[in-house]
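Structure assessment
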Amino acid sequence: MLRNTYFKQLFILLVILINTSCEDYLEVDTPKHKIVSATVFEEDETAISTMTGIYNELLNADFSGGWNYSVSVLGGLSSDVLEPVNPNSVSYAEFNQNEISPDSEFNFYLWSSTFNIIYMTNALLEGLSQSEGVSEEISKQLEGEARFIRAFTYFYLVNLYGDVPLILSTDYEQNSLIAREGQEQIYELIIDDLQASIELLENTTSETRTRADKFVVTAMLARVYLYLGNWEQAEFLSSQVIAESSKYELLENLDEIFLPESKEAIWQISPVGRGNILTSTNEGLAYVGSSFSSFKISDEFVNSFNSEDKRLTSWIGFYTNATRSFHFPYKYKDGSSISNITEYSMVLRLAEQFLIRAEARAQTGYFSGAINDLDKIRTRSNLESISGSDLEINQENLISLILEERKRELFSEWGHRWLDLKRTNRASSVLGHLSDSWEDTDILYPIPEMDRMKNPNLTQNDGY
Amino acid sequence: MKNNYSRLKWVALIILGGILFFLSKAATAATSNTAFFQQQLISGIVSDQNGLSIPGVTITVKNSTRGVVTNLDGEYEITAPANGTLVFSYMGFKTFEVTIDGRSEINIQLEEDIASLGEVKINAGYYNTTERERTGNIAKVSGEEIERQPIINPLEALQGRMAGVEIEQRSGISGNAPTIRIRGQNSLRTGSSNNGNLPLYIIDGVPVNSSPLVGSDLSGGTGIDPLNTLNLSNIESIEVLKDADATAIYGSRGANGVVLISTKTGKSFEQKTQVEARLYSGVGEVSNKIKLLNTPQYLQLRNQAFENDGVVPDQTNAYDLLLWDNDRYTDWQEELLGGTAAITDLNLAVSGGNETTSFRIGGSYHEEGTVFPGDFKYHKVTGGLSLNHKSKDEKLNLNLSMNYGVDNNNLFGSDSYISEALSLPPNAPQLYNDDGSLNWADLTWDNPLSNLQNSSINQVNNLISSLSISYEFLNGLTFKTNAGYTNLYRNQKSITKKESYRPDIRDRREHLSSERINKRKSWIIEPQLTYSVHIGRGNLDALIGMTFQESENDNLRISGEGYVSESLIGNLEAAEAVDVNEYLNIRYKYTALFARLAYNWDQKYFLNLTGRRDGSSRFGPNKRFANFGALGAAWIFSEEPIFRDHISFLSFGKLRGSYGTTGSDQIPDYGYLDAYEATPGPGGLYPTQLTNPNFSWEENKKLEASLQLGFLEDRINLGVSWYRNRSSNQLVGFPLPSTTGFSSIQANLPAMVQNTGWEVEFSSLNISTKDFSWRTSFNFTLPETKLVEFDNISQTSYQNVYRVGYPLSIALLYNYNGIDPETGLYQVQDINGDGNFSYEDRTVIEELGRQYYGGISNNLSYKNFSLQFLWQFVKQNGYKGYFAPPGNVSNQPQNVISGIENGTLQQASQNFTAFNSYFFASTSEHFISDASFLRLKTLGFSYDLTEKILQNWKLDGFRFFLNAQNLITITDYEGINPENPGVETLPSLRTITGGLQINF
């Protein structure tokens, strides 16, 4: 009998123990290094932080950061500007020789980083749409900025890969099996996003050049219209930016252009986003010549400069040591600074807007206006003006002059040369000379095999 | 949180209240339980076969809990019923039962039982069993075998000693964490921060997080093992639980097996105070080197490359030919890895006790140099305390164990140092200039010693403590509580000096420092009730208990840069810029209810039921709980009359089997939480993962059958086990295309990994005479891992890693087509003929895992001499060591020249095509070779001074010993480290130590 009461008491004790413990006991607090998503969009400050996060991450994202896997570097290699210092480094050589393997890791980094940024913009847009705590003013501004970044990212995707998946949500189940959309649909999204962004950002002017405002978006849209051959819109929009002369001007001193908040800059990315002690731009790290340099400027390109051209001395460096010597892009001088930001990574700058307008005007037959814009860039670099020369101008050679000028002005920046060759259908004629293995299908990078294996609906580009 | 803490307090109060309540009740109960037999006092002396008295023999009255222990002179006194039976038991002797028959003096001579199974106690975690009675598969290595090995990590000591336990020491760098796999790889997750294949470690009843501490020095990716801080001389035994019967009571953490480490305690109560001092020292060196080209051979190959390519050597592409001295020769392996590491170890322990309390207190110091030039060193200091107390009536037991260790690993930061020792051209310049400064040879090379300046000091402080209190408040019913607390603090300081860079880029570099701090704190409370009762012709053991566990991990990584002076590097205050690279704060909570019910009938039939209900905070709110359980059974058929009477040579025979489920919650914390984190850049937040709140446990179903036989009075023992573990519901980072924004999401995959295998354990006492004995034991494992099922694998990135129906450790390779006679270069087959080489062309499948492995050990003793040695053998394939394509600026194995001649190697060339051909061929079967090895893992020799001398010197023991590790490695493998083929790592050291041990 005695024993029975013990067991009863014991049983009760156990039941108490079990009930008090389990469910509640396992609740763990959110760790100090995380914030639950729903909380993030409860107030303006944290919501703004998610946008700041995107700007920060643009420096770390491979396609946009300016480092070895960026559009700037890989696009430069694919065109006739950059070459690998060591011709045996297969990973770069395949871009340089336009023989990119679908297994290329660098191509995968480039590709996948765009979708990470797109995810962030979609997450922000979804967060805002479900939020009740963010003020309307901030909500509009953030939506404008996020849609700009999304369009900006898609611009490079569509130009590098052609048809690409159109991703407008964070739903991974849907996005993991998504198929590619035609380039027209992608451009539709880009224009839609940029136009909406201009409206949303109508009343905001950014105090810094590292956040998108109305003019940043306008400058981007001008470029998009140029690529689409909508010359009127390209001229109209670039004129709007050029007209904002209190904010933007062409700097006479070429060494000042890439400095933080330089007046030529429309939009820059600050190295602050790297978040460590190193404060150089990635372009500075990648290009400034040293015994570890991976990239050089092709000799043909260096030789194409007029010896009077100030860009030859200001923007092109020469490195030499016991075993090798080569030219390198020297727009960014700082390849090693510590806790001292001396340069920002340039994304959009006024010189490009002049060149956009020149090209748009040349295309529409407004030659004098085009020459006027082109000369702004030429005379700054100490070249003789076209207007002052006795050159006979027709549309064809004027456009050629503008494209040559774009090459010399914008080299090593954002793959301009590669995209220019493609959009003007000159890639085969120009690059075909340089390599026996050139094929017309090389104008598009392959869709990375890694993703094609995970998503059977992703088709491959021709020629791969 | 506050709420949870207050709840816990409440729980603790209830437990305490419970104990007090039962204590008071039990006290009254005890008096009412008097025996009705006539009691009498019996005394006597217990001695061994030689007539020497044995202290510490346990004498119990059969079917009661009463017992005494013989004193130093072997004498005992016990009160027992006149018609009762006394049971005499002592480790290493056969248990002896004698009926009292009214006698008052009973002197007993115990018979030595060298091969006794029944007396080998086995720790099964929550309960103890014996080798004879166990229903589960538990392997054991004794402290004696561990102590003999002059090494740092206790797991390494198990190499070659246990069937079914694969331990790979991935590198010979001191402190490096070995890989351990108990019965194969169960989880597809193998990443260093998300490894689903770690066993559960329990030290003195306390679970310990032993995932390696990843760092940034030579130990690189593999990391530092926190178990290094244990004192090897203070380990009583290591048991490894393998099958469902043994592991299911650990539920969600038992999938990969359980490693139980018990530390030493005071040997017995009522002993005189004893001191044990142990000291050894010796040297270690690299156990394996590769034969590489000498200078003329190297230059010949280089010149050949230029000739083949039609390229004129110039200072850029042929600095080794034109700028370096063509008459120099340096054996870079000797120069960079050829040092000897000095080893010193000191150990001191004092133990003693009285009637009710025993203790053991000890400390140790271990120091180990490296084979690298320069002053690098590993050392550790440990302290341990064990305290046992029992009440006079033996109802209350209290055990306290504390182990504290501090180790300090002084290395340098470099990830290429080992491979440089193999690839540097033999005519590379001298390391130092005449003035003693590093030679940079006009910037034509990176001086390999430049990295030695970048010190990396890793310190780990580790406290593991446990307290267990038990009270038997009714006959057979015991309440027990285990409590444990662990606290690990790790600090790694790495510096990079400007001077370690090439002189031409120094002015653009800064002094750097990087500091990692890891804190791991955990506590656990496990209240338990055990009940043991005699029912029918057998014994019923029941156990029910609960677990509350909480741990907190903090990781912090800070770097500093821009120090003005070298001497200030690491002093963050003096850095121009300080940056926090990582901050993680992780909490983990775990709770469980577990139970065991075991019954044996007539010491013949055994049944063991175990179960656990587990909850873990690593899962989303709806998926936190799961149940696990197992059934184990054994039949000692040799006890059946038919066997006992008719097969006399069979002294023991047992059939055993078990089936059950375990799980694995070894996944990163907070995987279910949809959250933002701070971006590296200031002021920003960003999503860092896709979230899935619905993932759940990996499930591991284990089946085992086993036969254990003993012959000739257990002089020969044989155990054969077959197992099949199936891990399904694989919890992995499910790979996603990058269009989702990320590369994976935590999810359960419809995939199943199956591990099957045979394990054979054999031991024999070959010769046993008064002066000479020879014992042999052998273990052998034939494992097979197979990916049985994986739906839609082709849509995941695992497509390129695994194949359904094949083992997990496979390599997918190109089909090697020999050498193109025209170009002299390797060719691999373009299977789909698309002109490109991609995974679709990699159709050849080679298995790289262990095909079989095991060990043979022999113990010989003659009078006071004894000799032990263990051969470890592993049969496996692996990638050949990787070298640059022949003809490049890189040294090559000596057989390259003949290889090119006889057409097994591609010709010397440096051009792009040659590089590509070589690159593709290096992922073909041509680059796979046999990487099996046979290794004399340990060799120990010892001499004990004779009794006579000991008595003169008033000592209890005095032993000289010599121990060697990895003395001989026999292998056909051509790379540097057959234990970790295909990777350039430092092979395990060959060490020889000598020392002495004094007991008094």
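Residues numbered from 1 in each chain as written. Chains lettered and ligands numbered in written order. Predicted model: local features only at pLDDT ≥ 70, side-chain atom pairs only at ≥ 80, totals over all residues.

1. What about the interface of chain A and chain B?
We apply this condition: Each residue gets a C-beta atom placed from its backbone, and two residues are in contact if those atoms lie within 7 Å. Strands here are runs of E lasting at least two residues and helices are runs of H or I lasting at least four, both read from the DSSP assignment and numbered beginning at the N terminus. Only strands that DSSP links by at least two bridges are regarded as paired with each other.
Listed per partner, the contact involves 79 residues of chain A and 78 residues of chain B. Looking at the side of chain A that touches chain B, the elements that each hand over two or more residues are helix H1 (2–25), strand E1 (35–36), helix H2 (37–40), helix H3 (44–60), helix H6 (90–96), helix H7 (105–130), helix H9 (172–175) and helix H21 (449–454) of chain A. With eleven residues, H1(A) is the largest single contributor of residues to the side of chain A that touches chain B. Of the strand pairs in this sheet, E1(A) and strand E30 (residues 675–678) of chain B are connected by two bridges, and their pairing is antiparallel. Bridging across to E30(B), Val36(A) finds its partner in Ala675(B).

2. Some details on the pairing of strand E27 (residues 605–616) of chain B
Residues and elements named next belong to chain B. This is how it is decided: Here exposure depends only on C-beta density: within 10 Å of a residue's C-beta, 20 or more other C-beta atoms make it buried, 12 or fewer make it exposed, and intermediate numbers make it partly exposed, the C-beta atoms being placed from the backbone.
By the criterion of burial, E27 is predominantly enclosed, with nine of the twelve residues buried. Both strand E26 (residues 577–601) and E27 contribute to a ladder of twelve bridges, which runs antiparallel. Directly across from Tyr-599, in E27, lies its bridge partner Leu-607. The pairing of E27 with strand E28 (residues 625–636) spans eleven bridges and is classified as antiparallel. If you follow Asp-614 over to E28, its bridge partner there is Ala-626.

3. Quick notes on the sheet that holds strand E15 (residues 235–241) of chain B
Residues and elements named next belong to chain B. Basically, it comes down to this: Convention adopted: a line fitted to C-alpha atoms gives each axis, helices being fitted over their contacting stretch, and angles between N-to-C directions are expressed from 0 to 180 degrees.
Strand order across the open sheet formed by five strands is E10-E15-E16-E13-E14, with mixed pairing between neighbours. Lying at the two open borders of the sheet, with one neighbouring strand each, are strand E10 (138–142) and strand E14 (206–208). On average, adjacent strands in this sheet sit at an angle of 25° to one another, irrespective of strand direction. As defined by bridge partners, strand E13 (residues 200–203) adjoins E14 across three bridges and the pair is classed as antiparallel. The partner of Ile-203 across the bridge, within E14, is Val-206.

4. Some thoughts on the environment of Gln799(B)
When you line up the elements, Gln799(B) lands in the loop between strand E37 (772–790) and strand E38 (810–813). Sequence-wise, Gln799(B) and Asp309(B) are 490 residues apart; in three dimensions their C-alpha atoms are separated by 38 Å. Setting aside anything within four residues of it in sequence, one finds Gln799(B) in contact with Met453(A), Ile793(B) and Ser794(B).

5. Some remarks on the nonpolar core
Burial of nonpolar side chains together is a common tendency in soluble globular proteins. All names here are of chain A. For the record, the criterion: By definition, a nonpolar core groups buried Ala, Val, Leu, Ile, Met, Phe, Trp, Tyr and Cys residues that connect through C-beta atoms lying within 7 Å of each other.
In terms of nonpolar packing, the biggest core is built from 121 residues, with Leu-194, Val-216, Val-217, Met-220, Ala-222 and Ile-266 touching the most fellow members. Per-element accounting of this core gives the leading share, 13 residues, to helix H8 (residues 136–161). Dropping the residues within four chain positions of it, Ala-222 is found in contact with Ala-234, Leu-237, Ser-238, Val-241, Gln-353 and Ile-356.

6. Here we look at the UniProt feature "domain: RagB/SusD" (unreviewed entry) in chain A
Formally: UniProt positions are given in the numbering used here, feature names are shortened, and annotations may be inferred rather than shown by experiment.
Mapped onto this structure's residue numbering, the UniProt feature "domain: RagB/SusD" (unreviewed entry) falls at residues 314–464 of chain A. When the span residues 314–464 of chain A is considered, its composition is 44% helix and 10% strand, and the gap between its end C-alpha atoms is 40 Å.

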